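Here is how the chains run, residue by residue.
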Amino acid sequence: MDKYGIRLFVAKDHVFREETYNVIKTANVNNTLIYYSNESMDSLDTLAESQFEDFCKEHKGIGVRKGINTLDIINDPYCSIPIYVSLDHNKGISISSDFEDFYSNGYPIDCVGLYEIFLYGSGLFDRTLLENVKQMPAASVLRIDCVDFSFRIFPYWNFDIKENSEYEDMEKAIFDVRERLKEIFKKIKDPIAMGLSGGLDSRLSACILSNTKQANLLHFYTFGHDHRILENKLAESTIKSLWGG
């Protein structure tokens, strides 16, 4: 499948250039330019600017919101359209969905980013392979200040989940979680791909699913693509224990 995404450039003279390629669609709602890759955008007509972050939580794509002296780029919780950004103090701020666009700039390698890519498959938070190039993490805002010509990246969605203090009995909590998962799994009607990281959460979910009618609809994948990676070993051993494959 061809790559798809956007390229944006903000020059010091406030010239704003944009380019989309391949399957990206656009819409302009309440001074917010939306780029998206999915077909279901029925709620665009009712989108209000103040609700945009909530809108991004439920739709795959990004939004570009222009203020008086700022430019906000907002992505979804899945990073369905990747965004990389680089600041050149002499030229401007370059933004692209294709990391290869930055290879020719001669930026030095970020050694920590390189180590993280070897270990995890990607740099953590906003770090990338190159020192001068940042990436947008999931559910975040890239805010460009057009006055002092700087940018910062910050989350708009707090993923922290508050602990439910109503449970005094651990067995009761475990039972309720298991029952809730079963109700969710009952909604599975078609074959699905499920991430199996080797971590406790995904292994427990796979264990519960293995005892349901939906078990034969599952196809697992893991980001631990090398057999020497512990994540890969745990995922494989889980599947063999539950499905015997």
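Before reading further, recall that the structure is shown in the block above.
### Brief notes about the nonpolar core
One finds Ile73, Ile83, Ile93, Ile95, Leu142 and Ile144 to be the most contacted residues of the largest nonpolar core, which totals 19 residues. Of all elements in the fold, only β1 (5-11), β5 (61-66), β6 (70-75), β7 (84-88), β8 (92-96) and β10 (140-145) reach the threshold of two or more residues within this core. Considering each element in turn, this core owes the most residues, three residues, to β1. With near-sequence residues (within four places) excluded, Ile95 lies in contact with Ile6, Arg7, Leu8, Ile73, Ile83, Tyr84, Val85, Leu142 and Ile144.

### Thoughts on the packing of aromatic side chains
In this structure the tally under the stated criterion is four aromatic pairs. Aromatic pair Phe99 and Tyr103: ring centres 5.5 Å apart, planes at 80°, arrangement edge-to-face. Accessibility expressed as a relative area gives 14% for Phe99, which makes it buried. Grouping aromatic residues by their ring pairs yields a cluster made of Tyr84, Phe99, Phe102 and Tyr103.

### Examining a nonpolar patch on the surface
The grouping of Tyr115, Leu119, Tyr120, Leu124 and Phe125 at the surface amounts to a nonpolar patch, some 550 Å² of accessible area in total. Mapping Leu119 onto the fold places it in helix α2 (residues 111-120). Residue Leu119 is classed as partly exposed on the basis of its relative accessible area, which comes to 41%.

### So, the packing of helix α3 (residues 170-185) against helix α4 (residues 200-209)
Closest axis-to-axis distance for the α3/α4 pair is 10 Å, and the angle between their directions is 65°. Put simply, α3 runs roughly perpendicular to α4. In terms of crossing hand, the pair formed by α3 and α4 is right-handed. On the side of α3, the interface is formed by Arg178, Leu181, Lys182 and Phe185, while α4 contributes Ser205, Ile208 and Leu209.

### Examining the environment of Asp88
Along the chain, Asp88 falls in strand β7. Accessibility expressed as a relative area gives 25% for Asp88, which makes it partly exposed. Linking Asp88 and Ala11, residues 77 residues apart in sequence, is a C-alpha distance of 9.4 Å.

What counts and how
Residues numbered from 1 in each chain as written. Predicted model: local features only at pLDDT ≥ 70, side-chain atom pairs only at ≥ 80, totals over all residues. Heavy atoms only, no water. Core = buried A, V, L, I, M, F, W, Y, C linked by side-chain atoms within 4.5 Å. Buried < 20%, exposed > 50% of the residue type's maximum accessible area, 1.4 Å probe, protein only. Helix = DSSP H or I, 4+ residues; strand = E, 2+ residues; numbered from the N terminus. Contact = heavy atoms within 4.5 Å. Phe/Tyr/Trp six-rings, centres within 6.5 Å; stacked < 30°, edge-to-face > 60°. Patch = residues over 30% accessible without salt bridge, like charges linked within 9 Å, V, L, I, M, F, W, Y side chains within 5 Å. Areas by Shrake-Rupley, 256 points an atom, 1.4 Å probe, with all protein chains shown as cover. Salt bridge = Lys/Arg side-chain N within 4 Å of Asp/Glu carboxyl O. Axes fitted to C-alpha atoms, helices over the stretch in contact; angles between N-to-C directions. Parallel < 35°, antiparallel > 145°, perpendicular 65-115°, else oblique. Left-handed = near helix turned anticlockwise from the far one by under 90°.

Nothing here speaks to function; it is all geometry.
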